[in-house]
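# Structural features, examined
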2 protein chains.
Amino acid sequence: MPGRYFEDYAVGQKFGSGTVTVTADRIKSFAREFDPQPFHTDEELARSTFFQGLVASGWHTASLTMSLVVQAFPIAGGVIGGGVDELRWPKPLRPGDELRLEGGIVEVRPSRSKPGQGLVRVRTTTLNRAGKAVQIMIANLVVPRRPAERA
Amino acid sequence: MPGRYFEDYAVGQKFGSGTVTVTADRIKSFAREFDPQPFHTDEELARSTFFQGLVASGWHTASLTMSLVVQAFPIAGGVIGGGVDELRWPKPLRPGDELRLEGGIVEVRPSRSKPGQGLVRVRTTTLNRAGKAVQIMIANLVVPRRPAERA
């Protein structure tokens, strides 16, 4: 699989992504499977809740964000999640919203235990069409080192 | 909507859940939509990757975990996610795995800014049939206070 290696990343690099749009039907079907609460599954019931209307599950927002992360990080061998240190949903994702990703690299370091890998720490913001953040995440991606440069 | 309030939770309480099972077909269809990488979308290609076989997207594991959290926390008005402070996938979720949740409450505190709400901090472990952790999460749930006890 072609793609980038640990050595291609550096602190301070910025990145963006394409866009992805979410429909009311997909918000509801995702929620019926994974997060069956009225503000995610039923427009009528949602009106009388905290959110005053239908909103996507935070896990739907996170999953859509992953689809943008995969675009933004064409890492050789794939994006292997090394874990998330912060995940926030400052505003809910609503039907018809179009999402895009903005992010930056905040740390890079070789793995202590695995000579063929490094960690790339990223901060991502998922923005709606109005430019408001619907998700902020700090995550550590496990990235392979370029084979020729391994110890 | 009936359910529990902030006042019903206390530090040290433990909780469990029912189970949910994942198929290879659902692992692949979830990944085609949200995390289209070979180790999530194709058994053949997955064999030659880091994971040596098909595994679920971490966001699929997280979404399935949410379906168990909703069962375990019948909160009045719904589980409004206040954010995640740690999310780890120590082992991958594989086709046929059956998941269940174990968790505990590690902190409860009234909201400083919103008198009708409190925060319940939980640590959850999502276990496969072999009893191995496929996800560990520390999350803050926003929970309504019982109306009669509001200031």
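Everything below is about the structure printed above this text.
An account of the accompanying structure is given in this report. (Residues numbered from 1 in each chain as written. Chains lettered and ligands numbered in written order. Predicted model: local features only at pLDDT ≥ 70, side-chain atom pairs only at ≥ 80, totals over all residues. Heavy atoms only, no water.)

Our focus in this paragraph is helix 1 (residues 24-34) of chain B. All names here are of chain B. Within the span of helix 1, buried status applies to Ile27, Lys28, Phe30, Ala31 and Phe34. In an axial view of helix 1, the angular spread of the buried residues amounts to 165 degrees, which keeps them on one side of the axis. Residues of helix 1 that are exposed and point more than 90 degrees away from the buried face comprise Asp25 and Arg32. (Buried < 20%, exposed > 50% of the residue type's maximum accessible area, 1.4 Å probe, protein only. Helix = DSSP H or I, 4+ residues; strand = E, 2+ residues; numbered from the N terminus. Arc of directions from axis to C-beta.)

Quick look at the interface of chain B and chain A now. Contacts between chain B and chain A engage 34 residues on the former and 35 residues on the latter. Of the roughly 3000 Å² buried between chain B and chain A on both sides combined, carbon and sulfur atoms contribute 65%. Among the residues chain B hides against chain A, the three largest losses belong to Phe34, Trp59 and Val84 of chain B. Together they make up 22% of the total. Across the pair arginine 26 of chain A and glutamate 33 of chain B runs a salt bridge, and its minimum N-O distance is 2.7 Å. Within the residue set of the side of chain B that touches chain A, elements represented by two or more residues are helix 1, helix 2 (38-41), helix 4 (58-72) and strand 2 (80-88) of chain B. Broken down by class, the residue content of the side of chain B that touches chain A amounts to 19 nonpolar, nine polar and six charged. Relative to strand 2 of chain B, strand 2 (residues 80-88) of chain A runs antiparallel, the two being bridged by two bridges. What sits directly across from leucine 87 of chain A, in strand 2 of chain B, is valine 84 of chain B. (Contact = heavy atoms within 4.5 Å. Buried area = accessible area lost by both parts, 1.4 Å probe. Salt bridge = Lys/Arg side-chain N within 4 Å of Asp/Glu carboxyl O. Nonpolar A, V, L, I, M, F, W, Y, C, P; charged D, E, K, R; others polar. Pairing = 2+ DSSP bridges.)

The subject of this paragraph is the relation of the copies chain B and chain A. Superposition of chain B onto chain A requires a rotation of 180 degrees combined with a translation of 0.0 Å along the rotation axis, giving an RMSD of 0.0 Å. Both chain copies can therefore be described as sitting about a two-fold axis. A share of 100% of the interface residues of chain B reappears at the interface of chain A, consistent with the copies meeting face to face through the same patch. (Least-squares fit on C-alpha atoms with pLDDT ≥ 70 in both.)

We now examine the nonpolar core. In this structure, Trp59 and Phe73 of chain A together with Trp59 and Phe73 of chain B are the most contacted members of the largest nonpolar core, which totals 68 residues. Apart from the residues within four sequence positions on either side, tryptophan 59 of chain A is in contact with Phe30, Asp35, Leu87 and Trp89 of chain A together with Trp59, Ala62, Ser63, Met66, Val84, Leu87 and Met137 of chain B. (Core = buried A, V, L, I, M, F, W, Y, C linked by side-chain atoms within 4.5 Å.)

Residue and element names in this part refer to chain B. Locating serine 111 in the fold gives a position in the loop between strand 3 (98-110) and strand 4 (117-127). Judged by its relative accessible area of 18%, serine 111 is buried. Here serine 113 takes part through its backbone nitrogen, which lies 3.3 Å from a polar atom of the side chain of serine 111. The residues touching serine 111, leaving out its near neighbours within four places in the chain, are Gln117 and Gly118. (Polar contact = N/O pair within 3.5 Å; in protein donor to acceptor, adjacent residues only side chain to side chain.)

Note that side chains of opposite charge can pair when their charged atoms are close. Per the counting criterion, the structure on display carries 20 salt bridges over all chains. The salt bridge involving glutamate 43 of chain B is made with lysine 28 of chain B; its shortest N-O contact spans 2.9 Å. On the criterion of sequence distance, the pair formed by glutamate 43 of chain B in helix 3 (residues 43-46) and lysine 28 of chain B in helix 1 is long-range, its members being 15 residues apart. Residue glutamate 43 of chain B is classed as partly exposed on the basis of its relative accessible area, which comes to 30%. Given a relative accessible area of 15%, lysine 28 of chain B falls into the buried group. A single network of salt bridges, built from pairs that share partners, joins Asp85 and Arg121 of chain A together with Arg88 of chain B.

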